[in-house]
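Coordinate analysis (summary)
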Amino acid sequence: MKEDILHNLEVIHQRIINACKKAGRNSDEVKLLLATKTVSAEHIKTVLENGETLIAENKVQELKEKYEELKELPHKNHFIGHLQTNKIKDILKYDVCCVQSLDRLDLAVRLHQKLLSENKTIEILIQVNTSNEESKFGVHPDQAVELTRQVSKFPTLKIKGLMTIGLFSAETEKVRQCFKILKNLQQEIIHQNIPNVEMKELSMGMSGDLETAIEEGSTIVRVGTAVFGARIYPDSYYWNESKE
Ligand SMILES: *Cc1c(COP(=O)(O)O)cnc(C)c1O
């Protein structure tokens, strides 16, 4: 299993390099984030010991369970799942440095209050639902600029860019449209020059579609299955929770 993971990692790095070459981009412009939902701390350690530094969970419960075992290895924790406001304190307690899934104002308000009381800041990506699928979280593209503007008013929230989950489809051009929507929103927001907003990061692309995402400007690809193998739980378990 350990050998499989290390081999898969090499393959992913090569895929990123190839995609960057094809897109005429420098491969150090694209960060690999490992999506570790359902993956044991032991297997996560394997990738961290092999030089990976960026991991992300979808559920606070898993973040909590693996925290002790992983904390001696240097790494950064992002959060990429639907975040309920009653779990905010745990996000801070377990050292999440970036919430990629900020998709509504009330979450920003509560996050800001908590951060202020602890004298902390956190990085934020605004999650956009570019595929128009009911089952996915994220702000509607039409509301993304406005949400960014509102969130920018909270000095504890450091907006770094946008995140999306592309359409699940074998039709590459349909998936590509999702990534184009995110890229266009990024350009629109940059153009508006909103104070306290950086728009360098585009978190898009997963195991199945990272090449397309890199062609469209991704700076963070989030990979799970292609490194750790298939998950037992269907993704709907992570993406289709009842909304608050
Ligand atoms: C699980 C997950 C990923 C990784 O998906 P794979 O297809 O396993 O690579 C990326 N982003 C989010 C938000 C996820 O929940």
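Summarised in this report is the structure supplied together with it. (Residues numbered from 1 in each chain as written. Predicted model: local features only at pLDDT ≥ 70, side-chain atom pairs only at ≥ 80, totals over all residues. Heavy atoms only, no water.)

Here the focus is the overall build of the protein chain. Check the secondary structure of the protein chain and you find 10 helices and 8 strands. In terms of overall dimensions, the protein chain is globule-like: its C-alpha atoms have a radius of gyration of 17 Å, near the 18 Å expected for 244 residues. Once the C-alpha set of the protein chain is aligned to its principal axes, its extents read approximately 45 × 40 × 35 Å. Put simply, the protein chain has 244 residues, and 52% of those count as buried. Considering only intrachain contacts with a sequence separation of at least 6, the fraction spanning at least 24 residues in the protein chain is 63%. (Helix = DSSP H or I, 4+ residues; strand = E, 2+ residues; numbered from the N terminus. Rg over C-alpha atoms; globule rule 2.2 N^0.38 Å. Buried < 20%, exposed > 50% of the residue type's maximum accessible area, 1.4 Å probe, protein only. Contact = heavy atoms within 4.5 Å.)

Right, let's get into the nonpolar core. Generally speaking, nonpolar side chains in soluble globular proteins are found buried as a group. Core analysis: the biggest nonpolar cluster contains 42 residues, and Ile91, Ile122, Ile124, Ile126, Leu157 and Leu162 have the highest contact counts within it. By residue number, the principal contributor to this core is helix 7 (residues 172-192), which donates 6 residues. Not counting the four nearest positions on each side in its chain, leucine 162 is found in contact with Leu125, Ile126, Val128, Leu182, Leu185, Gln186, Ile189, Met199, Glu201, Leu202 and Ser203. Ranked by size, the runner-up nonpolar core spans 23 residues in total, among them Leu9, Ala41, Leu70 and Val227. (Core = buried A, V, L, I, M, F, W, Y, C linked by side-chain atoms within 4.5 Å.)

With that settled, the discussion passes to helix 3 (residues 60-70). Listed as buried for helix 3 are Val60, Glu62, Leu63, Lys66, Tyr67 and Leu70. Angularly, the buried residues of helix 3 cover 140° about the axis, an arc narrow enough to put them on a single face. Residues of helix 3 that are exposed and point over 90 degrees away from its buried face: Glu65 and Glu68. (Arc of directions from axis to C-beta.)

Its 13 residues place the ends of helix 5 (residues 105-117) 19 Å apart at the C-alpha level, agreeing with the 18 Å of an ideal helix rising 1.5 Å per residue. Along helix 5, the residues that are buried comprise Leu107, Ala108, Leu111, His112 and Leu115. Angularly, the buried residues of helix 5 cover 130° about the axis, an arc narrow enough to put them on a single face. Helix 5 presents Leu116 and Ser117 as exposed residues on the side facing more than 90 degrees away from its buried surface. In this fold, the buried residues of helix 5 make contact with helix 4 (88-93), strand 4 (96-102), strand 5 (122-127), helix 6 (141-151) and strand 6 (157-163). (Expected span 1.5 Å × (residues − 1).)

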